[in-house]
Amino acid sequence: MSATNAHRLGANEAPPAIISSFLGKQLSELLDHIECADTEELFAMSGKQGMKLDIPEIPELLIDNTDRNRTSPFAFTGNRFEFRAVGSEANCASAMIALNTAVAEALTSFKQRVDALIAAGQDKTTAIINVVRDDIKTCKPIHFDGNGYSDEWVAEAARRGLDVETSCPLIFDRYLDADTIRMFESQNVMNAKELAARNEVKWETYTKKIQIEARVMGDLSMNHIIPIATQYQSQLAKNVLNMYEIFSKEEADELTARNKKIIKEIATRSQAIETGVERLVETRKVANRIESIRERAIAYHDTVEPIMTDIRYEIDKLEMIVSDECWTLPKYRELLFIR
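Values in this document were obtained by computation on a predicted structure and should not be read as measured data.

*Asks:* Help me out: how do you make sense of the overall build of the protein in this one?
*Replies:* A tally of regular secondary structure across the protein gives 11 helices and 5 strands. Expressed as a percentage of its 339 residues, the buried residues of the protein come to 35%. Expressed as a percentage of contacts within the protein between residues at least 6 apart in sequence, the contacts between residues at least 24 apart total 60%.

*Asks:* Honestly, the packing of helix 9 (residues 257-288) against helix 10 (residues 293-321) in this entry has me stumped. Any pointers?
*Replies:* The relative placement of two packed helices comes down to the angle between their axes together with the axis-to-axis distance. Axis separation between helix 9 and helix 10 bottoms out at 9 Å; the angle between their running directions is 165°. Taken together, the axes of helix 9 and helix 10 are roughly antiparallel relative to one another. Handedness of the crossing formed by helix 9 with helix 10: left-handed. Among the residues forming the contact of helix 9 with helix 10, the class breakdown is 17 nonpolar, 5 polar and 8 charged.

*Asks:* Whenever I open this one, the environment of N100 confuses me. Can you help?
*Replies:* Tracing the backbone through its elements, the reader meets N100 in helix 2 (residues 92-119). Linking N100 and Q187, residues 87 residues apart in sequence, is a C-alpha distance of 10.0 Å.

*Asks:* Would you explain the sheet that holds strand 5 (residues 81-83) in this entry?
*Replies:* Strands pair in a sheet through their backbones, by hydrogen bonds, and they do so in one of two ways: parallel or antiparallel. Strand order across the open sheet formed by 3 strands is 1-4-5, with mixed pairing between neighbours. Bordering the open sheet on either side are strand 1 (21-22) and strand 5, each of which pairs with just one other strand. Direction of pairing for strand 1 relative to strand 4 (residues 74-76): parallel, over a ladder of 2 bridges. Across the sheet, the residue bridging to F22 is A75, located in strand 4.

*Asks:* Mind showing me how you'd approach the pattern of salt bridges here?
*Replies:* Between side chains of opposite charge, pairing is possible as soon as their charged atoms come close. Counted according to the given criterion, the structure contains 21 salt bridges. The closest approach of N and O atoms between E35 and K140, which form a salt bridge, is 3.2 Å. Placement of the pair is E35 in helix 1 (residues 24-36) and K140 in the loop between helix 3 (124-139) and helix 4 (151-160), with a sequence separation of 105 residues. Under the relative-accessibility criterion, K140 is labelled partly exposed at 40%.

*Asks:* Would you take a moment to explain the nonpolar core for this structure?
*Replies:* A general tendency of soluble globular proteins is for nonpolar side chains to be buried together. Core analysis: the largest hydrophobic core is formed by 34 residues, its most contacted members being Y206, I273 and I311. Sorting the residues of this core by element identifies helix 7 (192-246), helix 9 and helix 10 as the ones contributing at least two each. Top contributing element to this core by residue count: helix 7, with 12 residues. With near-sequence residues (within four places) excluded, I273 lies in contact with S221, I225, I226, I311, E314, I315 and L318. Formed by 6 residues, the second largest nonpolar core is a distinct cluster that contains L23, I34, F76 and I136.

*Asks:* Would you mind going over the side chain of T180 with me for this structure?
*Replies:* Position of T180 among the secondary structure elements: in helix 6 (residues 178-186). Judged by its relative accessible area of 18%, T180 falls in the buried class. The contacts of T180, once residues within four sequence positions are left out, are R174 and Y175.

*Asks:* Looking at this model, I keep getting lost on helix 6. Mind explaining?
*Replies:* Given 3.6 residues per turn, any residue in an α-helix points the same way as the ones three and four places further on. All buried positions along helix 6 are accounted for by T180, I181, M183 and F184. The buried residues of helix 6 occupy an angular sector of 160° when projected down its axis, which confines them to one face. Facing away from the buried side of helix 6, by more than 90 degrees, are the exposed residues A178 and D179. On its buried face, helix 6 sits against helix 2 and helix 7. Looking at the residues trailing helix 6, positive phi occurs at N188, about 55°.

*Asks:* Where do I start with the packing of aromatic side chains in this structure?
*Replies:* The geometry of an aromatic ring pair comes down to the distance between the two centres and the angle between the two planes. This model, assessed by the stated rule, comprises 4 aromatic pairs. Aromatic pair F76 and F81: ring centres 5.1 Å apart, planes at 55°, arrangement tilted. On the accessibility criterion, F76 (7% relative accessible area) is buried. Both rings, one in F144 and one in W153, keep their centres 3.8 Å apart while their planes meet at 10°; by these two values the pair is stacked. Exposure class is identical for F144 and W153. Each is buried. Taken together, the ring pairs in this structure connect F74, F76, F81 and F83 into an aromatic cluster.

*Asks:* I would appreciate a short explanation of the packing of helix 7 against helix 9 in the present structure.
*Replies:* In contact at an axis separation of 9 Å, helix 7 and helix 9 are set at 160° when each is read in the N-to-C sense. For the element pair helix 7 / helix 9, the angle class is roughly antiparallel. The interaxial crossing formed by helix 7 with helix 9 has left-handed handedness. Taken together, the residues that form the contact of helix 7 with helix 9 break down as 17 nonpolar, 8 polar and 4 charged.

What counts and how
Residues numbered from 1 in each chain as written. Predicted model: local features only at pLDDT ≥ 70, side-chain atom pairs only at ≥ 80, totals over all residues. Heavy atoms only, no water. Helix = DSSP H or I, 4+ residues; strand = E, 2+ residues; numbered from the N terminus. Buried < 20%, exposed > 50% of the residue type's maximum accessible area, 1.4 Å probe, protein only. Contact = heavy atoms within 4.5 Å. Axes fitted to C-alpha atoms, helices over the stretch in contact; angles between N-to-C directions. Parallel < 35°, antiparallel > 145°, perpendicular 65-115°, else oblique. Left-handed = near helix turned anticlockwise from the far one by under 90°. Nonpolar A, V, L, I, M, F, W, Y, C, P; charged D, E, K, R; others polar. Pairing = 2+ DSSP bridges. Salt bridge = Lys/Arg side-chain N within 4 Å of Asp/Glu carboxyl O. Core = buried A, V, L, I, M, F, W, Y, C linked by side-chain atoms within 4.5 Å. Arc of directions from axis to C-beta. Phe/Tyr/Trp six-rings, centres within 6.5 Å; stacked < 30°, edge-to-face > 60°.

In short, the description is geometric, and any link to function would need to be established separately.
Structure representation (structure tokens):
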């Protein structure tokens, strides 16, 4: 999660905002069977090409034996898991630190629990299966094979107790949860102070990026967008005046109605942009006076970004009505299709 990745996170572009794991039909059936079957029985199941599992052997999971759910951030694809949630500008090492630490903690916990059951008198196979069953039940909330971008999944994930937060500064708080700190410390990867220090950098980086974006938006709005719109507005106004010199008032009223409407819309939206930029500057000043790095980042997310969104809305509307010849910045269609 980052200031730049927030623009696409969960918006029909990898990765989805909610972390879940897609297992596919074959592996899902295997886990369900292990959870429900008797410990001593032979496991037999059929996937797309068939599979048999004779405990305690590890089954042969056929490569690409799933439909490769492209909306899942953590998908099993036959012989591996694909983690698809690294940020657009992130170094994958950061994600690997968290993933590898989590795997190490899970394996350590697995062995400790198996050893405890063996010490209590269970044979090794039975102990392993019982612990596996516990883990299958524990991990069920993140098991999701559907569309990771759907609104229905957001509601279902919340019902399951998964993290559905979309505020970047608040998401960073997860690094300082008691469970997270315990995980990193138990594996001697990072301690609480190191995690807190990294979070300070994350919050400060987020704030600076939004601050830069806000200042650039203010500059573009006042020195490019409004002058461009005003120039086009003046051309239309001149055209309206010329029409009244050529035609009668009744004819001119009819022929200039569209241009008058555009002139008014440009004036209204330009005023909204100018007012928005003034609000943006004042809101940014208020946020900058906040001492806490975390609270400042939250303020930028909650108060500065919404104003930027409002300004962008007005600019996008102007882009649709101002002539291409006057509009000096690339329009969206020009970004999508090279002329």
